[in-house]
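What follows is each chain in one-letter form.
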Amino acid sequence: MSLWRSCPVALIAESSAQLTLSFCCGLKKMAASKVKQDMPPPGGYGPVDYKRNLPKRGLSGYSMFGIGLGVMVFGYWRLFKWNRERRRLQIEDFEARLALMPLLQAEHDRRTLRIMRENLEEEAILMKDVPGWKIGESVYNTDRWVIPTSDELFNLRPREELLHTNLGFRWYV
Amino acid sequence: MPSTVELPGLDELKVEEVQVSSAVLKAAAHHYGSQCDKPNKEFMLCRWEEKDPRKCLEEGKQVNACAMNFFRQIKGSCAESFTEYWTCLDYSSTAELRRCRKQQEKFDNCVLDKLGWQRPDLGELSKVTKVTTSRPLPENPYHSRERPEPNKITEGKLVPSKHGSAVFFWNW
């Protein structure tokens, strides 16, 4: 026990390299130098960086806002330009339709009149012996041209044609 | 009293139809609009004024004749470039004109060189035009009945009612 008291406390403050040796003063000398241990490099470790490191870098907040706003404005400008171009293309498409309308209208008129004529002739055959039936009689009280309904036109034709006329433009039913 | 609907016979409706698909029509639409302008406008004027397709069969026949003539002229001179143009348009279901600008330019140049047709600028086909016809303006195209006579002018001195409005709670 007296050996313990002879070891001064100041020895504990020595560098760690000699700590094990100094701890063993008075005790049995261990074969420390003979065993291979993972020791710190000679001269000790370098200085450890422990202070706060928050460097001021990058753009400021204002400039980031500015860049974002600039990108948005550029996007809007492109969008408006393309919308104007789309409007011009739409006008071009409409003009194509305008130019073709007389042809399509004339063909449609002829087709309607042809179907009505064929229906009239069928009616003359079918209602020949029905008493009191006037063939080709108009159901309206007026003399003007009444646009015929698709039901009336496709009455004597297969149902598929009527459906095609009414729903042909749709993708779904 | 209901009368018979007069319909033209099938012979009157017989006309040389333009047997052509939609992409072809759309490809040629702008030139067709500027070349066949007169009979088209006459037909549309007739149709809109008379409101009766039976009365405009003649004009319709002229529309068809002009269209046939138009396509014959194209077939005669610029057939290849026109075929390329409308096949390019036909490639998509939407037939967007902006996808085929190269072929359109080729076709336009060919038509301008050989036939002297200029493609109308944007907005020219949608301008309102005046059409001169020899057909008289129809009176009463809706075949409306006679209008009833207007009410007679009320005679006598007009005074506001004695106890205010008889209709509602305010007093004027």
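As a reminder, the structure under discussion sits directly above these lines.
A brief report on the enclosed structure follows. Computed from a predicted structure; not experimentally measured.

1. A few points about the overall build of chain B
Check the secondary structure of chain B and you find five helices and zero strands. Going from N to C terminus, chain B has its helices and strands arranged as α-α-α-α-α. Computed over the C-alpha atoms, the radius of gyration of chain B is 27 Å, more than 25% above the 16 Å expected from 2.2 N^0.38 for a compact globule of 172 residues. Considered along the principal axes of its C-alpha atoms, chain B spans approximately 85 × 45 × 30 Å. When the 172 residues of chain B are sorted by exposure, 34% land in the buried category. For chain B, the exposed surface amounts to about 12,300 Å²; the carbon and sulfur share of it is 53%. Here chain B holds 26 positive side-chain charges and 25 negative ones, and the gap between their average locations is 6 Å.

2. Considering the packing of aromatic side chains
Tallying each qualifying case throughout the model produces seven aromatic pairs over all chains. Residues Phe74 of chain A and Trp77 of chain A carry aromatic rings whose centres are separated by 6.0 Å and whose planes lie at 35 degrees to one another, so their mutual orientation is tilted. Of this pair, Phe74 of chain A and Trp77 of chain A both sit in helix H3 (residues 61-126), three residues apart, which is roughly one turn of the helix. Taking the relative accessible area as the measure of exposure, Trp77 of chain A reaches 48% and is therefore partly exposed. On the basis of an interplanar angle of 10 degrees and a centroid distance of 6.3 Å, the ring pair of Tyr76 of chain A and Phe80 of chain A is categorised as stacked. Within this pair, Tyr76 of chain A and its partner Phe80 of chain A are both found in helix H3, separated by four residues, close to a single helical turn. Among the residues examined, Tyr76 of chain A registers a relative accessible area of 42% and is labelled partly exposed. Overall, the relative accessible area of 45% leaves Phe80 of chain A in the partly exposed class. Through pairs of rings, three or more aromatic residues link up here, namely Tyr32, Phe70, Phe71 and Trp117 of chain B. Here Arg170 of chain A stacks its cationic end above the ring of Tyr172 of chain A, 5.8 Å away from the centre of that ring.

3. A closer look at helix H4 (residues 79-90) of chain B
An α-helix turns once every 3.6 residues. As a result, residues three or four positions apart point the same way. End to end, H4 of chain B covers 16 Å across twelve residues, agreeing with the expected 16 Å (1.5 Å per residue, within 8%). Residues of H4 of chain B that are buried sit in contact with helix H1 (22-35), helix H3 (57-77) and helix H5 (101-114) of chain B.

4. Considerations on the pattern of salt bridges
Under the defined criterion, the tally for this structure stands at 19 salt bridges over all chains. Measuring nitrogen to oxygen at the nearest pair gives 3.1 Å for the salt bridge that ties Glu85 of chain A to Arg88 of chain A. Here Glu85 of chain A pairs with Arg88 of chain A, and both are found in helix H3, just three residues apart, close to one helical turn. By relative accessible area, Glu85 of chain A is classed as partly exposed at 29%. The closest approach of N and O atoms between Glu17 of chain B and Arg110 of chain A, which form a salt bridge, is 3.3 Å. Taken together, the residues Glu17 of chain B in the segment before H1 and Arg110 of chain A in helix H3 connect one chain to another. In this structure, a network of salt bridges that share partners links the residues Glu92 of chain A together with Arg101 and Arg119 of chain B.

5. Examining the state of the cysteines
Residue and element names in this part refer to chain B. Summed over the entire model, instances satisfying the criterion amount to four disulfides over all chains. Shown here is the disulfide that connects Cys46 with Cys56, its sulfur atoms set 2.0 Å apart. As the torsion about the S-S bond is roughly -95 degrees, the Cys46-Cys56 disulfide counts as left-handed. Here Cys56 lies in the loop between helix H2 (37-50) and H3 and Cys46 lies in helix H2, a separation of ten residues in the sequence.

6. Focus: the interface of chain A and chain B
Quite often, the size of an interface is put as the accessible area lost when its parts meet. Across the contact, 36 residues belong to chain A and 48 residues belong to chain B. Taken together, both faces of the contact between chain A and chain B bury some 3,800 Å²; the carbon and sulfur share is 64%. For chain A, the biggest contributors to the area lost against chain B are Glu95, Arg110 and Trp145 of chain A; these three give 18% of the whole. Taken together, the connections running from chain A to chain B amount to five salt bridges. Inspection of the region where chain A meets chain B yields 15 residue pairs in polar contact (both at pLDDT 80 or more). Split into classes, the residues belonging to the side of chain A that touches chain B amount to 18 nonpolar, five polar and 13 charged.

Analysis parameters
Residues numbered from 1 in each chain as written. Chains lettered and ligands numbered in written order. Predicted model: local features only at pLDDT ≥ 70, side-chain atom pairs only at ≥ 80, totals over all residues. Heavy atoms only, no water. Helix = DSSP H or I, 4+ residues; strand = E, 2+ residues; numbered from the N terminus. Rg over C-alpha atoms; globule rule 2.2 N^0.38 Å. Buried < 20%, exposed > 50% of the residue type's maximum accessible area, 1.4 Å probe, protein only. Areas by Shrake-Rupley, 256 points an atom, 1.4 Å probe, with all protein chains shown as cover. Lys, Arg positive; Asp, Glu negative; His and termini not counted. Charge placed at Lys NZ, Arg CZ, Asp CG, Glu CD. Phe/Tyr/Trp six-rings, centres within 6.5 Å; stacked < 30°, edge-to-face > 60°. Lys NZ or Arg CZ within 6 Å of the ring centre and 35° of its normal. Expected span 1.5 Å × (residues − 1). Contact = heavy atoms within 4.5 Å. Salt bridge = Lys/Arg side-chain N within 4 Å of Asp/Glu carboxyl O. Disulfide = S-S within 2.5 Å. Buried area = accessible area lost by both parts, 1.4 Å probe. Polar contact = N/O pair within 3.5 Å; in protein donor to acceptor, adjacent residues only side chain to side chain. Nonpolar A, V, L, I, M, F, W, Y, C, P; charged D, E, K, R; others polar.

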